[in-house]
Amino acid sequence: MTNTIKTALSGRIEEVERRIAEACERSGRSREDVNIIAVTKYVSLETAEAAHQLGLQHLGENRWQDAKDKWEAISGKDTGESSGQAVWHFIGSLQTNKVKDVIGKFTYIHSIDRLSLAQAIDKRASQLGITVPCFVQVNVSGEDSKHGLEPEQLPILLTEVKELSSLRIIGLMTMAPYETEAEETRPVFRALRELRDEMNKRELLSEPMTELSMGMSGDFEVAIEEGATFIRLGTILVGKEG
């Protein structure tokens, strides 16, 4: 493990933590309410290991074939007081035929967007005797390039997945459009929070959704101000290699 990697990471982590704290203060939230997912898909195993050792417990990947070596090297390791064991988040679009590779390795799934995927996750989780916490991905912005349900489809899916006993919908996830000014993403994040709250009022699930997975390197502060509980940070936090 090179000291150069750790030094660079430490500086970025410190700066991100400062900005998170300020966003929490502006919005009257507790820093403990916001979880950082270090998105390691564009960095080496060495950098991912260093990030975990420096206290970034939550690690995010979006393709199993790219995550495999990192998962095998880091999973099960407890790096001490700073981070404990890694918690893996699958944040990309998940093909049904890849569910068998992912479930049981990734604690959280952020990208449920159809019933068939939810059923496949539930079936595999049941076989393993586990319950998988999941987010439903909603395409709030309406961009053709974005995955996810249209907002009006959400009540239908929530009703359909309610009876799946090995899958637990804990919240919603979205990706905002790229904007030059982060402030312009606010309506998207606010809409996701309001959508979650509306679904909770309608009591479509057995228990209310509490989480919001939203905000990336360019807009995470606005997402926090609008209620994000998980932010997905790649370049600004762990960098980009290759």
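Going by the structure above, here's the rest.
Attention here is on the structure that accompanies the text.

When helices and strands are tallied, the protein chain shows nine helices and eight strands. Its C-alpha atoms give the protein chain a radius of gyration of 17 Å, within 12% of the compact-globule value 18 Å for 242 residues. Its C-alpha atoms put the protein chain at 50 × 40 × 35 Å along the principal axes. Per-residue burial over the protein chain gives 48% buried out of 242 residues. Taking the intrachain contacts of the protein chain between residues at least 6 apart in sequence as the baseline, contacts between residues at least 24 apart amount to 64%. As displayed, the protein chain has an accessible area near 11500 Å², and 45% of this comes from carbon and sulfur atoms.

This paragraph deals with the side chain of Ser-111. Along the chain, the position of Ser-111 falls in strand 4 (residues 108–112). Here the side chain of Ser-111 touches Gly-92 through a polar contact of 2.4 Å, landing on its backbone oxygen. In this view, Ser-111 contacts Phe-90, Ile-91, Gly-92, Ser-93, Leu-94, Leu-117, Phe-135 and Gln-137; residues no more than four positions away in its chain are not counted.

Moving on to the environment of Val-238. Tracing the sequence through the fold places Val-238 in helix 9 (residues 235–238). Along the backbone, Val-238 and Met-209 are 29 residues apart, and their C-alpha atoms lie at a distance of 29 Å. Excluding residues that lie within four positions of it along the chain, Val-238 makes contacts with Leu-9, Arg-12, Ala-38, Val-39, Val-43, Thr-47, Ala-51 and Leu-56.

Time to look at the packing of helix 2 (residues 45–53) against helix 3 (residues 64–74). Taken N-terminus to C-terminus, the directions of helix 2 and helix 3 make an angle of 45°; their axes are 10 Å apart at the nearest point. If you check the angle between helix 2 and helix 3, you find them oblique. The two elements helix 2 and helix 3 meet at a crossing, and its hand is right-handed. Residues Leu-45, Ala-48, Glu-49 and His-52 of helix 2 form the contact with helix 3, whose participating residues are Asp-69, Lys-70, Ala-73 and Ile-74. Partitioned by chemical class, the residues of the contact of helix 2 with helix 3 number four nonpolar, one polar and three charged.

With that settled, the discussion passes to the pairing of strand 1 (residues 35–39). Counted residue by residue, strand 1 has four buried out of five residues, so it is predominantly covered. Two strands pair when backbone bridges link them, and strand 1 and strand 2 (residues 58–61) are joined in this way by three bridges, in the parallel orientation. Residue pairing in the sheet places Val-39 in a bridge with Gly-60 of strand 2. Taken together, strand 1, helix 2 and strand 2 constitute a β-α-β crossover, and its handedness is right-handed.

What follows covers the packing of aromatic side chains. Scanning the model with the defined rule gives six aromatic pairs in all. Relative to Trp-71, the ring of Trp-64 has its centre 6.1 Å away and its plane inclined at 70°; by these criteria the two rings are edge-to-face. Ring plane angle 85° and centroid distance 5.4 Å describe the contact between Phe-90 and Phe-106, whose orientation is recorded as edge-to-face. With Phe-90 in strand 3 (residues 87–90) and Phe-106 in the loop between helix 4 (99–102) and strand 4, the pair connects residues that are 16 residues apart, well separated along the chain. Take Phe-90: its relative accessible area is 3%, and that puts it in the buried class. Feature note: the residues Trp-64, Trp-71, Trp-88, Phe-90 and Phe-106 constitute an aromatic cluster, connected by ring pairs. One residue, Lys-105, lies across the ring of Trp-64, its end atom 5.1 Å from the ring centre.

Turning our attention to the nonpolar core. Ile-109, Ile-121, Val-136 and Ile-169 are the most contacted members of the largest nonpolar core, which has 68 residues in total. A total of seven residues in this core trace back to one element, the largest contributor, which is helix 1 (residues 3–27). Beyond its immediate sequence surroundings of up to four residues, Val-136 is in contact with Ile-112, Leu-149, Leu-154, Leu-157, Leu-158, Ile-169, Gly-171, Leu-172 and Met-173. Core analysis: the next-biggest nonpolar cluster, separate from the first, contains seven residues, Ile-37, Tyr-108, Phe-135 and Phe-230 among them.

Further remarks concern the packing of helix 1 against helix 2. At a minimum axis separation of 10 Å, helix 1 and helix 2 run at an interaxial angle of 55°. Considering the angle they form, helix 1 stands oblique to helix 2. When the axes of helix 1 and helix 2 are compared, the crossing they make is right-handed. The residues of helix 2 that touch helix 1, namely those facing Ile-5, Lys-6 and Leu-9, are Glu-46, Thr-47, Ala-50, Ala-51 and Gln-53. A class-by-class count of the residues in the contact of helix 1 with helix 2 yields four nonpolar, two polar and two charged.

Rules used in this analysis
- Residues numbered from 1 in each chain as written.
- Predicted model: local features only at pLDDT ≥ 70, side-chain atom pairs only at ≥ 80, totals over all residues.
- Heavy atoms only, no water.
- Helix = DSSP H or I, 4+ residues; strand = E, 2+ residues; numbered from the N terminus.
- Rg over C-alpha atoms; globule rule 2.2 N^0.38 Å.
- Buried < 20%, exposed > 50% of the residue type's maximum accessible area, 1.4 Å probe, protein only.
- Contact = heavy atoms within 4.5 Å.
- Areas by Shrake-Rupley, 256 points an atom, 1.4 Å probe, with all protein chains shown as cover.
- Polar contact = N/O pair within 3.5 Å; in protein donor to acceptor, adjacent residues only side chain to side chain.
- Axes fitted to C-alpha atoms, helices over the stretch in contact; angles between N-to-C directions.
- Parallel < 35°, antiparallel > 145°, perpendicular 65-115°, else oblique.
- Left-handed = near helix turned anticlockwise from the far one by under 90°.
- Nonpolar A, V, L, I, M, F, W, Y, C, P; charged D, E, K, R; others polar.
- Pairing = 2+ DSSP bridges.
- Right-handed = clockwise from strand over helix to strand, strands pointing away.
- Phe/Tyr/Trp six-rings, centres within 6.5 Å; stacked < 30°, edge-to-face > 60°.
- Lys NZ or Arg CZ within 6 Å of the ring centre and 35° of its normal.
- Core = buried A, V, L, I, M, F, W, Y, C linked by side-chain atoms within 4.5 Å.

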